[in-house]
Amino acid sequence: MDPISIILNVGNYIINSSAYLAQFIRFVGSTLITAALSGSKQPKLQDLKVQTSAYGAPIPRLYGSEVRVAGNVIDKSDLIPVKHKKGEMLGVGGVKYYTYDAHVAVLICEGPITADALVRIYADGKLFFDRDADGATAPTATAEGGMQWSRTNKTHSNCDTITLYPGSSTQGVDPTLQALEHNVGQNLSAYRHSVYVVIKRLTCSDYGNRVPNLEFVVEPSVTVLGDIVEELASYAGCTVDASALTETVRGFAVGQEGTVWDAIQPLASSFFFDLVKTRYGFEALKRGRSLRTIIPETKWAARKTGEDAATTKSVKITDPNKYPDELTISYFDPGRDFQVNTQRAGRNVSYAKNKLSAQVPIVFTADEARNVAERTLHEALSRSRSMTIDLPREYRWLVAADNIGLEVAGNVEVWRIENKTDSPNQTIALEVVSEDPYNYISNLTGAAGDFPVNDLGLPGDSILQPIDGPILRTADDSTGFYMTLNGTGTGWRGSEVSRALGVGSPLTYTVIGNAGVGAAMADCDTTLASGPVDVWDEVNTLTVTMIGGELTSATAEEILTTNANLAWVGGEDGEDGELINFRTATAGSPEGVYVLSGLLRGRYGTEAASATHGVGERLVLLSDTDAVYRVDFGAADWNAARTYQAASIPEYDNPTDTVEFTNTGRGKRPLAPVHLTGTRNGSNNDVAIAWTRRTRFTPPAIGGGAVPLGEDAEVYALDIYAGSTVVRTLTTTTPTFNYTDAMQTADGNTPGAAVRVDVYQVSGTFGRGEVAEGLV
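What counts and what doesn't
- Position numbers for residues count from 1 along each chain, tracking the sequence in the order it is written.
- Local features in this predicted model are restricted to residues whose pLDDT is 70 or higher, and side-chain atom pairs enter the listing and the counts only when it is 80 or higher, whereas totals over whole chains, interfaces and linings include all residues.
- As a convention, hydrogens and water are excluded, and side-chain values are obtained from all of the structure's heavy atoms.
- DSSP bridges decide pairing: two strands pair if at least two such bridges lie between them.
- Where helices and strands are cited, they refer to DSSP runs of H or I of at least four residues and of E of at least two residues respectively, numbered from the N terminus.
- Contact between two residues is taken to exist if any of their heavy atoms lie within 4.5 Å; hydrogens are not considered.
- To obtain an axis, a line is fitted to C-alpha atoms, over the contacting stretch when the element is a helix, and the angle between two such axes runs from 0 to 180 degrees between their N-to-C directions.
- To sort residues, take the accessible area from a 1.4 Å probe on protein chains only and compare it with the maximum for the residue type: under 20% means buried, over 50% means exposed, and anything in between is partly exposed.
- Patch membership needs two things, relative accessible area over 30% and no salt bridge, and members are linked within 9 Å if like-charged or within 5 Å if nonpolar (Val, Leu, Ile, Met, Phe, Trp, Tyr).
- Computed with the Shrake-Rupley method and a 1.4 Å probe, the accessible areas treat only the protein chains shown as cover for residues.
- In the sections that follow, a salt bridge refers to a side-chain nitrogen of Lys or Arg positioned within 4 Å of a carboxyl oxygen of Asp or Glu.

### Brief notes about the sheet that holds strand β13 (residues 240-241)
Phase 1 of the analysis: Pairing within the open sheet is mixed, and its 3 strands lie in the order β13-β16-β15. Lying at the two open borders of the sheet, with one neighbouring strand each, are β13 and β15 (273-278).
Phase 2 of the analysis: Two strands pair when backbone bridges link them, and β15 and strand β16 (residues 281-286) are joined in this way by 6 bridges, in the antiparallel orientation. If you follow Phe 273 over to β16, its bridge partner there is Lys 286.
Phase 3 of the analysis: Helix α5 (residues 260-271) rests against β15 and β16 of the sheet, and its axis sits at about 110° to β15.

Structure, rendered in structure tokens:
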């Protein structure tokens, strides 16, 4: 697209017109209700919610502690393709695919603001950047006068850098924008006095390969209500004394063209103040103030020249039922990420059927907004009583918006002056409405409503755990090994895995694929002691702290029938781990700590590892088969040292875990035979040696048929010892061997004495498997 090099502040959206003074004088008496009924051109909620990209768009003015605004896109790049590869070892056969990035610049508001006043960014409503995230660090200053956050600041993950230009008079041209192909050689604007943000390499693949609707929460510089009113008035060349307005405004934005009154109207209606002309100039006066004076009945009933003394002043009463019986206001709620919330106020006893809605483009808490609605509704009802009175000239010091007390039959009624006119007959005519100061005192509780948590969800570091172990399913029979991954952040959604041929440095890495499902993974806080492998281990426990995921308990029946809570426990190098099942996972303190008990040990032929555990091991839950990846580079890759690394998606260029690992082909290694026995012939001392083979494949259920062989042929190797020396090696195709008296004598063994025998099942691919040792 063509660059947008400048945004014109057409009309300044506050017009300095000749009607300005008259508008201020007539301002008193306005409320949310009158503004809504009159169709005022005051700022609307939707003005700043949808991102635009337009020439001549008004530059918003922001006030308060925090404001959320979409802004105007002033420049962006074309989509930038980024090539990736899913390797066949992770389930997809060497498929190349692309993600898409883009550079984008968004003008937010008029400056200046403080250098690090960018608080949060939302992309299509989801939190994208959080300056104050857990573990976040401060940004760095750029040579052009901006403040920059990178991924290393732990504030975001879906782009490379975010640079805020705070709207200073000296800020320079952003280098990313200057480097765009369509900007090279052009003299770009530095957008001085305007606040804008440049996002470099925003990952658009998460948003349908487009730049998402970006909304920015910033901290403006002016927060006090009086200061805001005075500044807005100054844009029309008028001085207003608003020192009486001391409240702190949470957030307010003016984002459209209009008069000064259009801009100030929402503040006046919501904070209940009037702008009036006094003898000293223009002044902002709070409603609900104390009485300026009490006027006796003889004074406020003053007669005009020639008026009959018997004439009385009558009160005009507007039918209260013409006023709304319900008022709903919409506002920005900081408890809902500055999204729109609504609060309702209603009259309990009324024949009125009018229901009115009003928009308040101001940031309020739910309680504050509820009280604004209540005060507005009750104030409107008070104003249903009005009249015009005449006072002697001695009261000429009264001004519009003053509260006065009128004596009536010995009682004092409170009225507010809405307009004051000097009459030709030397009296002062006041238009007054009934006032109740208690209308402005309320402490009601608003309805916050349900709102989903919108956490930043950084991916954190990827943790890669290879496992050189037996296969868990027949379908996994290959020369490869298992790989599992997870991340340390709540927003982890996968890793890109690479490997290098060799260890050390320098190394050249090749992407082998992506893994999008994480296995529950934990660091072992205690060392698993040796325990039984033929019955449940009810003595030993294992305490772990989760890296990612969580653990739950399972019944013994679930373990025996569905293999629930199957886990690998071993070193980070992936070698010589033990497979276990656990019944009970007891949550400990702090969160993420579990104590595992009720253990079934030495599963899948890993009984030898049950006595070799050390400190600093890792536990990986293998029950979720979607989280266990089979990685295979062929038998030629066996016993070769390799280095693997993982980068959290989408931080492809920032690998966070590197593991040196050697695949020994354990998945193809036959399991050790069991039930090794020897039966002697009493007549000649021959020993009939027998054993029972096991299978690497998934065995059938009881009654489901023969146990699968799992090898090309049934072959066993035997080593027979004399003392500690192997004296005879032989092979057999059956699980038996007759060690004769003569063989024993020839081998140096005493017939009738115990003989040490090692038995292996043999694989045509791997060779000898795990050993079964015994004395027969």
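### Some words on the environment of Val 197
Phase 1 of the analysis: With respect to the helices, strands and loops of the structure, Val 197 is situated in strand β11 (residues 194-203).
Phase 2 of the analysis: For Val 197, a relative accessible area of 0% puts it in the buried group.
Phase 3 of the analysis: Along the backbone, Val 197 and Leu 107 are 90 residues apart, and their C-alpha atoms lie at a distance of 6.5 Å.
Phase 4 of the analysis: Excluding anything up to four places from it in sequence, Val 197 contacts Val 104, Ala 105, Val 106, Ile 108, Leu 118, Ile 162, Thr 163, Leu 164 and Phe 216.

### A look at the sheet that holds strand β6 (residues 118-123)
Phase 1 of the analysis: Spatially, the 4 strands line up as an open sheet ordered β2-β12-β6-β7, and their pairing is antiparallel. The open sheet has two edge strands, β2 (67-69) and β7 (126-130), and neither has a second partner. Here the strands of the sheet are splayed against their neighbours by 25° on average, with no regard to which way each runs.
Phase 2 of the analysis: Sheet topology places β2 next to strand β12 (residues 214-218); 3 bridges connect them, and they run antiparallel. When the bridges of β12 are listed, Arg 68 appears paired with Val 217.

### Some details on a nonpolar patch on the surface
Phase 1 of the analysis: Together, Leu 291, Ile 294 and Val 412 make up an exposed nonpolar region whose accessible area comes to about 220 Å².
Phase 2 of the analysis: In this fold, Leu 291 is placed in the loop between β16 and β17 (293-295).
Phase 3 of the analysis: Leu 291 sits in the partly exposed class, given a relative accessible area of 33%.

### Points about the pairing of strand β39 (residues 674-680)
Phase 1 of the analysis: Bridge count for β39 against strand β40 (residues 687-692) is 5 bridges, and the pairing is antiparallel. By the bridge assignment, Arg 680 is partnered in β40 with Val 687.
Phase 2 of the analysis: If you look at the hairpin formed by β39 and β40, you'll find 6 residues sitting between the two strands, and Asn 685 has a positive phi there, around 65°.

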